[in-house]
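# Per-entry structural report
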Amino acid sequence: MSGVGPSMVRPNEVTVPLMPCASVEEHLEFYEMLGFEATYRQTKPYVYVALRWSGFELHFGPAPQDLDPARETSGGCLVMVDAVAPYHSAFVAAMRRAYGKVLGSGLPRITRYRPGASRFTLIDPSGNSIIFIQRDEPAEVEYGGSKKLTGLARALDNARILREFKNDDRQAFRALKSAVRRHGPDAPVVDRALALCQLIDAATVLGEPTGLWLTELRGLELADVDRQRVEAELGHLGDLQQWLPAK
C-alpha cells in the first residue's frame with residue numbers, strides 16, 4: 001500500500017444511484033416512455049436495469065420481498081440541474097404523447113410544477129422518488145410557513161413547502177382543510193380562493209371528494225384583480241378555469 005493515499009486520488013468520481021425495481025417490464029415501459037435509454041437490462045440471475053437520460057444515469061436492482069411500492073418509500077435520488085422547468089416540460093410532453101394526459105396521481109406519476117418553483121418529483125412504478133432540484137434553490141425552507149405571514153396566507157405557504165419539498169400531498173391537504181375552517185371566514189377572498197383551489201387539486205391527486213370545495217369556491221365573488229392573481233399563481237393547474245366562479 002506504499003504510496004497510496006489521498007494525494008493519489010483524482011477528484012473525478014461519478015456516483016450512480018441504485019434503487020429497487022419491483023418489475024422490469026413496468027420500469028422499462030415508464031422510463032422509456034419518458035425518453036430514457038436502457039443501456040443494460042437483465043432479469044437473471046438477478047434483476048439489474050441501467051437507464052440514461054441526457055447526462056445522468058439511474059440504476060435499479062432487486063427489490064426486497066416485502067417492498068410495497070404504494071408506500072413510496074422504496075428509494076430516492078436527487079438530480080441537480082441548472083433549471084428544472086425544461087425537465088418537467090419534457091416529461092409532461094412525453095406523458096401526453098403516450099397517454100393523452102399527465103400522470104398526476106397514483107403510481108407512476110409526476111408532481112405538478114409551479115412556475116418559479118425549484119424542484120419537482122417523478123415517482124416511478126416501484127415507488128422510487130427521482131427529485132429534480134435547481135442548483136440555486138434557497139438553502140433555508142420554513143416548514144410551517146413563512147413567519148412573515150399570518151392566517152390563511154401562512155397556511156398556503158406551508159402547503160407549498162409540504163407539496164414541493166416534502167412531496168406530502170396528504171399533509172398539505174390536511175393543513176389546508178384545517179386552515180380554511182379556522183381562518184377562511186376572516187381571510188381576504190383571494191386567499192380563500194387560492195386555498196380552495198389548492199384543496200381541490202390536492203384532493204384530486206389523493207382521490208378525495210372535491211364537491212364541497214368546488215361549491216364553496218364557485219360561491220365566492222372574485223373581483224377581476226383577485227381572479228388575475230389566482231390565475232397568475234395557479235395557472236399551471238390544468239382544470240383551474242373549470243373550478244373558478246363564472247365571470
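In this text, all values refer to a predicted model and were calculated from it rather than measured experimentally. (Residues numbered from 1 in each chain as written. Predicted model: local features only at pLDDT ≥ 70, side-chain atom pairs only at ≥ 80, totals over all residues. Heavy atoms only, no water.)

## Focus: the packing of aromatic side chains
The description of an aromatic ring pair uses the distance of the two centres, along with the angle that the planes make with each other. Under the criterion given, the structure shown has 15 aromatic pairs. These aromatic residues form a ring-pair network of at least three members: Phe-30, Tyr-31, Phe-36, Trp-53, Phe-56, Phe-60, Tyr-87, Phe-91, Phe-120 and Phe-132. Over the aromatic face of Tyr-143 sits the side chain of Lys-166, whose NZ or CZ is 5.8 Å from the ring centroid. (Phe/Tyr/Trp six-rings, centres within 6.5 Å; stacked < 30°, edge-to-face > 60°. Lys NZ or Arg CZ within 6 Å of the ring centre and 35° of its normal.)

## A word on the side chain of Asp-226
With respect to the element layout, Asp-226 can be found in helix α7 (residues 224–234). Arg-229 is the oppositely charged side chain nearest to the buried, salt-bridge-free Asp-226, at an N-O distance of 6.4 Å. The contact partners of Asp-226, leaving out residues within four places of it in the chain, are Val-189 and Val-190. (Helix = DSSP H or I, 4+ residues; strand = E, 2+ residues; numbered from the N terminus. Buried < 20%, exposed > 50% of the residue type's maximum accessible area, 1.4 Å probe, protein only. Lys, Arg positive; Asp, Glu negative; His and termini not counted. Salt bridge = Lys/Arg side-chain N within 4 Å of Asp/Glu carboxyl O. Contact = heavy atoms within 4.5 Å.)

## Looking at the sheet that holds strand β2 (residues 37–42)
The four strands are arranged β1-β4-β3-β2 in an open sheet whose pairing can be described as mixed. The open sheet has two edge strands with one neighbour each: β1 (18–21) and β2. For this sheet the average axis-to-axis angle between neighbouring strands, irrespective of direction, equals 25°. Bridge analysis of strand β3 (residues 48–53) against strand β4 (residues 56–62) gives five bridges, and the strand direction is antiparallel. Of the residues in β4, the one forming a bridge with Arg-52 is Glu-57. (Pairing = 2+ DSSP bridges. Axes fitted to C-alpha atoms, helices over the stretch in contact; angles between N-to-C directions.)

## Some words on the sheet that holds strand β6 (residues 109–110)
Consider a sheet: its strands pair through backbone hydrogen bonds, and that pairing is either parallel or antiparallel. Strand order across the open sheet formed by four strands is β5-β8-β7-β6, with mixed pairing between neighbours. Only two strands of the sheet have a single partner each, and these edge strands are β5 (76–81) and β6. Sheet topology note: the β6/strand β7 (residues 119–123) ladder contains two bridges and is antiparallel. In the sheet register, Ile-110 faces β7, and the bridge partner there is Leu-122.

## Focus on the pattern of salt bridges
Taken as a whole and judged by the stated rule, the model has 16 salt bridges. Glu-137 is the partner of Arg-119 in a salt bridge, and the nearest nitrogen-oxygen pair spans 2.8 Å. A residue pair is termed long-range when its members are at least 10 positions apart, and Arg-119 in strand β7 and Glu-137 in the loop between β8 (129–134) and α3 (151–164) qualify at 18 residues. In this pair, the class of Arg-119 matches that of Glu-137, namely buried. Two residues, Arg-163 and Asp-169, come together in a salt bridge whose shortest N-O distance is 2.7 Å.

## A few points about helix α6 (residues 211–218)
Taken together, the buried positions of α6 are occupied by Trp-213, Leu-214 and Leu-217. Each buried residue of α6 sits inside an arc of 100° when the element is viewed along its axis, so together they form one side. The exposed residues of α6 that point more than 90 degrees off its buried face are Leu-212 and Thr-215. Close packing links the buried residues of α6 with α4 (169–183), α5 (189–206) and α8 (240–243). (Arc of directions from axis to C-beta.)

## With respect to the pairing of β5
Burial of β5 is one-sided: the residues Cys-77, Val-79 and Val-81 facing one way are buried, the residues Gly-76, Leu-78 and Met-80 facing the other way are not. Looking at chain direction, β5 and β8 are connected through six bridges and run parallel. By the bridge assignment, Val-81 is partnered in β8 with Gln-134.

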